[in-house]
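Geometric and topological summary
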Amino acid sequence: MTEFSMPADEAEARAVQDALRTRVVLDEPGPPPGTGRVTGVDVAYDDERDVVVAAAVVLDAATCEVVAETTATGRITFPYVPGLLAFREIPTVLAALEALPVDPGLVICDGYGRAHPRRFGLASHLGVITGLPAIGVAKNPFTFTYEQPGPRRGDWSPLLDGEEEVGRALRTQDGVKPVFVSVGHRTGLDNACAHTLRLARDFRQPETTRRADALCRRALKEATAA
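Residues numbered from 1 in each chain as written. Predicted model: local features only at pLDDT ≥ 70, side-chain atom pairs only at ≥ 80, totals over all residues. Heavy atoms only, no water.

1. Section: the nonpolar core
Heads up, the rule is: Within this scheme, the nonpolar core is defined by two criteria: the residues are buried Ala, Val, Leu, Ile, Met, Phe, Trp, Tyr or Cys, and they are joined through side-chain atoms within 4.5 Å. Burial classes follow relative accessibility: with a 1.4 Å probe on protein chains only, a residue under 20% of its type's maximum area counts as buried, one over 50% as exposed, and anything between as partly exposed. Working definition: helices are DSSP H or I runs of at least four residues, strands are E runs of at least two. Numbering for both runs from the N terminus. Working rule for contacts: check all heavy atoms of both residues, and any pair within 4.5 Å makes them a contact.
Ranked by size, the top nonpolar core spans 28 residues in total, and within it Val-41, Val-93, Leu-97, Val-107, Cys-109 and Leu-126 carry the most contacts. Broken down by secondary-structure element, the contributors of at least two residues to this core are strand S1 (37-46), strand S2 (51-60), strand S3 (66-75), helix H2 (86-98), strand S4 (106-109) and helix H3 (122-130). Those residues in contact with Val-41 that lie beyond four places of it in its chain are Ala-55, Ala-56, Val-93, Leu-97, Val-107, Ile-108, Cys-109, Asp-110, Leu-126 and Ala-212. Counting 27 residues, the second largest nonpolar core, distinct from the first, contains Ala-44, Leu-59, Val-179 and Ala-212.

Written out as structure tokens, the structure reads:
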């Protein structure tokens, strides 16, 4: 069981992020696209009931066929604070990952890695505490700036905090809005973008995210049906 201690307040949570950030590995390229397994993780909330459901869906990286999938249900025990959302999600995401019957391979989060104000979003946090390679593929750029990439699939532009590149705006389909890719742990940015493109075969978002999103939404509906 991966150890995770919930911080007592916002200040402690920020201190945890700052401490764990020093353990992020940025000098590994990560697994080659189309090899091994890739796992999408996502969460769904019912704030009125303080319920959070996480899903982990493992795909064969070459075929995108589902290898395994799990869900976990938990309670929301940390307040909503921008930049600290990982603390609302990690305990339940960890439970889903640990229930998988196979090794997850590369973990792909619907969120951020280094594209985070403290360079330590969910993808980095999960990667560090599990040791798994991880990337973030988000639907919006958070607080960062970018120029529109070209209109074709595979076009990209840097996602910037001032002059620092924290990720990339990546066009995954011709003429659709880009997604925002950032390194989490043990994976390079070029490789993270290559994985994202390979997994976003027919839609804007990678199949890992699409399937994990659908699964956690179904599981939340079932968990709160009573």
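Text resumes after the structure shown.
2. Some words on the pairing of strand S6 (residues 156-161)
Where we set the bar: The rule for pairing is simple: two strands pair if DSSP sees at least two bridges between them.
As defined by bridge partners, S6 adjoins strand S7 (residues 164-170) across 6 bridges and the pair is classed as antiparallel. When the sheet's bridge partners are listed, Ser-157 is paired in S7 with Ala-169.

3. Quick word on helix H1 (residues 10-21)
Counted only if it meets this: Take the number of residues in a helix, subtract one, and multiply by 1.5 Å to get its expected span. This arc corresponds to the set of directions leading from the helix axis out to the C-beta atoms. In protein, a polar contact requires one atom able to donate a hydrogen and another able to accept it; more generally it is a pair of N or O atoms within 3.5 Å, and residues adjacent in sequence count only if both atoms are side-chain atoms.
In a regular helix each residue adds 1.5 Å, so 12 residues correspond to 16 Å; H1 covers 16 Å between its end C-alpha atoms and thus fits that length. Here H1 has its buried residues at Ala-13, Gln-17 and Leu-20. In a view along the axis of H1, the buried residues occupy a sector of 75°, so they form one face of it. Buried residues in H1 make contact with H2 and H3. Its side-chain oxygen 3.3 Å from the backbone nitrogen of Ala-11, Asp-9 forms the N-cap of H1.

4. A closer look at unusual backbone geometry
Residues other than glycine seldom take positive phi values, yet Arg-119 does so here, at roughly 60°. The residue Arg-119 is located in the loop between S4 and H3 in this model. The class for Arg-119 is buried, based on a relative accessible area of 10%. The backbone of Phe-142 shows a phi angle near 60°, a positive value even though the residue is not glycine. Note that Phe-142 resides in the loop between strand S5 (134-138) and S6. What makes Phe-142 partly exposed here is its relative accessible area of 30%.

5. Examining H2
Helix length check: H2 (13 residues) gives 17 Å between terminal C-alpha atoms against 18 Å at 1.5 Å per residue, within 8%. Of all the 13 residues making up H2, 10 are buried; the element is thus mostly covered by neighbouring parts of the structure. Taken together, the buried positions of H2 are Ala-86, Phe-87, Arg-88, Glu-89, Ile-90, Thr-92, Val-93, Leu-94, Ala-96 and Leu-97. Those residues of H2 hidden inside the fold are in contact with H1, S1, S2, S3 and H3.

6. Quick notes on the environment of Asp-213
Secondary-structure assignment places Asp-213 in helix H5 (residues 207-223). In this structure the C-alpha to C-alpha distance between Asp-213 and Asp-110, which are 103 residues apart in sequence, comes to 8.7 Å.

7. Describing the pattern of salt bridges
As a reminder of what qualifies: The rule for a salt bridge is simple: a side-chain nitrogen of Lys or Arg has to be within 4 Å of a carboxyl oxygen of Asp or Glu.
In the structure shown here, the tally under the stated rule is 15 salt bridges. Measuring nitrogen to oxygen at the nearest pair gives 3.5 Å for the salt bridge that ties Arg-114 to Glu-164. Taken together, the residues span a long stretch of sequence, with Arg-114 in the loop between S4 and H3 and Glu-164 in strand S7 at a distance of 50 residues. When its relative accessible area of 33% is taken as the criterion, Glu-164 is described as partly exposed. Between Arg-119 and Asp-161 there is a salt bridge whose closest N-O contact spans 2.6 Å.

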